[in-house]
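Report on the structure
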Amino acid sequence: MTVSFQLYSARDAGPWNKTLKTLADLGYTQVEGFGGNYEDPAAFKALLDANGLSMPSGHFFPAGSFEDGLERTLATARTLGMERLFCPAPEDDLRRDTPDPAAWKALAKRLDEASKKVRDAGFAFGWHNHHWEFMGGAVGMEILLNEAPEIDWEMDVAWVVRGGGDPLAWIETCSDRITTAHVKDIAPEGECADEDGWADVGTGTMDWAGLMKALRGAGVDLFVMEHDKPSDATRFATRSITNFKGY
């Protein structure tokens with residue numbers, strides 16, 4: 001089991017060299033990249049190496065990063081030592097509470113084509129969900145899984161819950177698709193309003209002990225700590241890795 005940290009959680013925490021040192025000091029050995037880390041991949045790789053960190057996975061947005069932008073994406077991934085590449089969100093036209101099946105099918109077709117090219121280049125490729133995929137009875141998620149049958153799934157478990165889905169049911173049904181999981185927590189109702197209702201892992205309402213048992217049973221082997229809007233990234237990183245070790 002590998003514990004990682006999505007660097008998007010620390011996008012407002014200050015210089016990356018200090019953030020990476022803090023994460024390493026806390027016991028993290030791996031991180032997950034996002035667009036804010038890719039301006040100079042070689043320089044960022046040097047920062048990772050200096051702190052004993054690796055970056056086995058990364059987010060690339062939008063989906064065009066795997067189409068017209070594919071060569072740049074692959075070059076960035078190679079430089080940073082990635083193995084798993086994920087598209088983390090749909091474009092704006094799919095960010096709606098009422099799903100548009102035709103639009104989701106069009107996206108699935110694009111992802112299916114992209115997955116072939118990414119896999120041919122030696123990487124794993126998958127989708128990272130938010131809540132939109134689970135609107136209207138999980139129309140978007142069902143379409144992506146059925147119409148793009150070769151893509152992996154990086155399950156953001158808390159976003160499944162926010163979309164009205166039952167993560168344990170999805171884990172059981174899709175155990176052959178889920179390779180990676182985002183570990184985040186949801187604050188009790190009315191709390192952490194300044195953090196969009198998210199909480200540090202282990203301090204919220206998610207049953208992470210039960211979820212971890214299910215995810216491990218499904219063969220998930222990379223767990224990524226994430227908070228979409230922490231007021232204190234160091235606090236989040238510290239509490240989360242400490243609590244996660246108890247699962």
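Below or above, wherever it landed, is the structure these notes cover. Here the structure is a predicted model, which is why all the values come from computation and not from measurement.

Definitions and limits used
- Residues numbered from 1 in each chain as written.
- Predicted model: local features only at pLDDT ≥ 70, side-chain atom pairs only at ≥ 80, totals over all residues.
- Heavy atoms only, no water.
- Disulfide = S-S within 2.5 Å.
- Buried < 20%, exposed > 50% of the residue type's maximum accessible area, 1.4 Å probe, protein only.
- Helix = DSSP H or I, 4+ residues; strand = E, 2+ residues; numbered from the N terminus.
- Contact = heavy atoms within 4.5 Å.
- Core = buried A, V, L, I, M, F, W, Y, C linked by side-chain atoms within 4.5 Å.
- Salt bridge = Lys/Arg side-chain N within 4 Å of Asp/Glu carboxyl O.
- Axes fitted to C-alpha atoms, helices over the stretch in contact; angles between N-to-C directions.
- Parallel < 35°, antiparallel > 145°, perpendicular 65-115°, else oblique.
- Left-handed = near helix turned anticlockwise from the far one by under 90°.
- Nonpolar A, V, L, I, M, F, W, Y, C, P; charged D, E, K, R; others polar.

Taken as a whole and judged by the stated rule, the model has zero disulfides. Note on Cys174: no disulfide assigned, nearest cysteine sulfur contributed by Cys87 at a separation of 18 Å. Note on Cys174: relative accessible area 5%, which makes it buried.

Counting through the fold element by element, Thr73 comes out in helix α3 (residues 70-80). Excluding residues that lie within four positions of it along the chain, Thr73 makes contacts with Phe60, Ser65, Phe66 and Leu85.

Here we come to unusual backbone geometry. Cis geometry is adopted by the peptide bond preceding Pro62, which originates at Phe61 and carries an omega value of 0 degrees. Along the chain, Pro62 turns up in the loop between β3 (54-59) and α3. For Cys192, which is not glycine, the phi dihedral falls at a positive 55 degrees. Counting through the fold element by element, Cys192 comes out in the loop between β8 (185-186) and β9 (198-199).

What follows deals with the nonpolar core. Among the nonpolar cores identified, the biggest contains 74 residues, and Phe5, Leu7, Trp153 and Trp170 are the most heavily contacted of them. Here this core takes seven residues from helix α4 (residues 101-120), the largest share from any one element. For Trp170, the contacting residues outside a window of four places in its chain are Phe134, Ala138, Met141, Glu142, Leu145, Trp153, Met155, Val160, Gly165 and Ile178.

Applying the stated rule across the entire model yields 15 salt bridges. One continuous salt-bridge network, built from bridges that share partners, spans Asp156, Lys184, Glu226 and Asp228.

Where helix α1 (residues 16-26) meets helix α9 (residues 233-244), the closest approach of the two axes is 10 Å, and the angle between their N-to-C directions is 20 degrees. When the interaxial angle is binned, α1 and α9 end up roughly parallel. Regarding α1 and α9, the two cross each other, and that crossing is right-handed. Two secondary-structure elements touch here, α1 through Thr22, Leu23 and Leu26 and α9 through Thr234, Ala237, Thr238 and Ile241. Partitioning the contact of α1 with α9 into residue classes produces four nonpolar, three polar and no charged.

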